[in-house]
Amino acid sequence: NAGVTQTPKFQVLKTGQSMTLQCAQDMNHNSMYWYRQDPGMGLRLIYYSASEGTTDKGEVPNGYNVSRLNKREFSLRLESAAPSQTSVYFCASEGQIYEQYFGPGTRLTVT
Amino acid sequence: GNSVTQMEGPVTLSEEAFLTINCTYTATGYPSLFWYVQYPGEGLQLLLKATKADDKGSNKGFEATYRKETTSFHLEKGSVQVSDSAVYFCALSERGTSYGKLTFGQGTILTVHP
């Protein structure tokens, strides 16, 4: 049972480049989330998906898009990366009693 | 809106000392409350939870009680170990919508020395 997996673990981009962060869960959860974690800011919600086929914006959606490909997979795309998007990105899925399970994170640097 | 306030860190303790990390919250409804732990270089792990007033969550020697009257969910451990060194996040989950948005505190860094 892998839980929540994320790829890649590390990424360096130049300003203006694009990339997709991948997330998958094997717990048959309906809801999935993308957060970013910055020093002194805690975790902030970027996008979420309450179920397959639906996505909604969180607190800080600008500069990002998401796709809920199927029940297992929820990807986050940066179309034109900016230095302000340097962060650690976490994907999570939600269990039966509203607890969330987090992946190991992707450490992204935009130069 | 909802908010979570944690005591500021960092907190530095000697092994076997007693730990308290304060957490208070503001919520419009009846949230579920959580403590998460993050070890260096890793994602967040659920440490314990409480879903209603007076519930006590516990795990790995850590405890926290959901106090509605004081809107608090303080984390305690009687005897900390070096391996408890990590960042601890208090969080609440808002229901009544189609998703369980987690609102996090800022995190408290705990360092335990031998």
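This is a predicted model, so every value here is computed, not measured. (Residues numbered from 1 in each chain as written. Chains lettered and ligands numbered in written order. Predicted model: local features only at pLDDT ≥ 70, side-chain atom pairs only at ≥ 80, totals over all residues. Heavy atoms only, no water.)

(A) A look at the interface of chain A and chain B. On the chain B side, the residues contacting the 21 residues of chain A number 21 residues. Here chain A meets chain B over a buried area of about 1,700 Å², counting both sides, of which 60% is carbon and sulfur. Of all the secondary-structure elements, those providing two or more residues to the side of chain A that touches chain B are β4 (32-38), β5 (42-49), β9 (87-94) and β10 (100-102) of chain A. Ranked by residues supplied to the side of chain A that touches chain B, first place goes to β5 of chain A with 4 residues. (Contact = heavy atoms within 4.5 Å. Buried area = accessible area lost by both parts, 1.4 Å probe. Helix = DSSP H or I, 4+ residues; strand = E, 2+ residues; numbered from the N terminus.)

(B) Examining the sheet that holds strand β7 (residues 64-68) of chain A more closely. All names here are of chain A. With antiparallel pairing, the 4 strands of this open sheet are ordered in space as β1-β3-β8-β7. The sheet is open, and its two borders are formed by β1 (4-7) and β7, each paired with just one other strand. Adjacent strand axes in the sheet meet at a mean angle of 20 degrees, parallel and antiparallel pairs treated alike. Bridge analysis of strand β3 (residues 19-25) against strand β8 (residues 74-78) gives 3 bridges, and the strand direction is antiparallel. (Pairing = 2+ DSSP bridges. Axes fitted to C-alpha atoms, helices over the stretch in contact; angles between N-to-C directions.)

(C) Broad picture of the sheet that holds strand β3 (residues 19-21) of chain B. Residues and elements named next belong to chain B. Pairing in this open sheet of 4 strands is antiparallel, and the strands run β3-β9-β8-β7 from one edge to the other. Of all strands in the sheet, those bounded by a partner on one side alone are β3 and β7 (56-59). Strand-to-strand, the axes of this sheet are offset by a mean angle of 15 degrees, without reference to chain direction. With 3 bridges joining them, β3 and strand β9 (residues 75-77) adopt antiparallel strand pairing. The partner of Ile-21 across the bridge, within β9, is Leu-75.

(D) How the structure looks around the pairing of β4 of chain A. Residues and elements named next belong to chain A. The buried fraction of β4 amounts to 7 of the 7 residues, a majority that puts the element mostly inside the structure. Residues of β4 alternate between two faces, with Met-32, Trp-34, Arg-36 and Asp-38 on one and Tyr-33, Tyr-35 and Gln-37 on the opposite face, all of them buried. Here 7 bridges tie β4 to β5, and the two strands are oriented antiparallel to one another. Residue Gln-37 lies in a different strand from β5, and its bridge partner there is Leu-43. The hairpin formed by β4 and β5 contains 3 residues between the paired strands, and Gly-40 there has a positive phi angle of roughly 75 degrees. (Buried < 20%, exposed > 50% of the residue type's maximum accessible area, 1.4 Å probe, protein only.)

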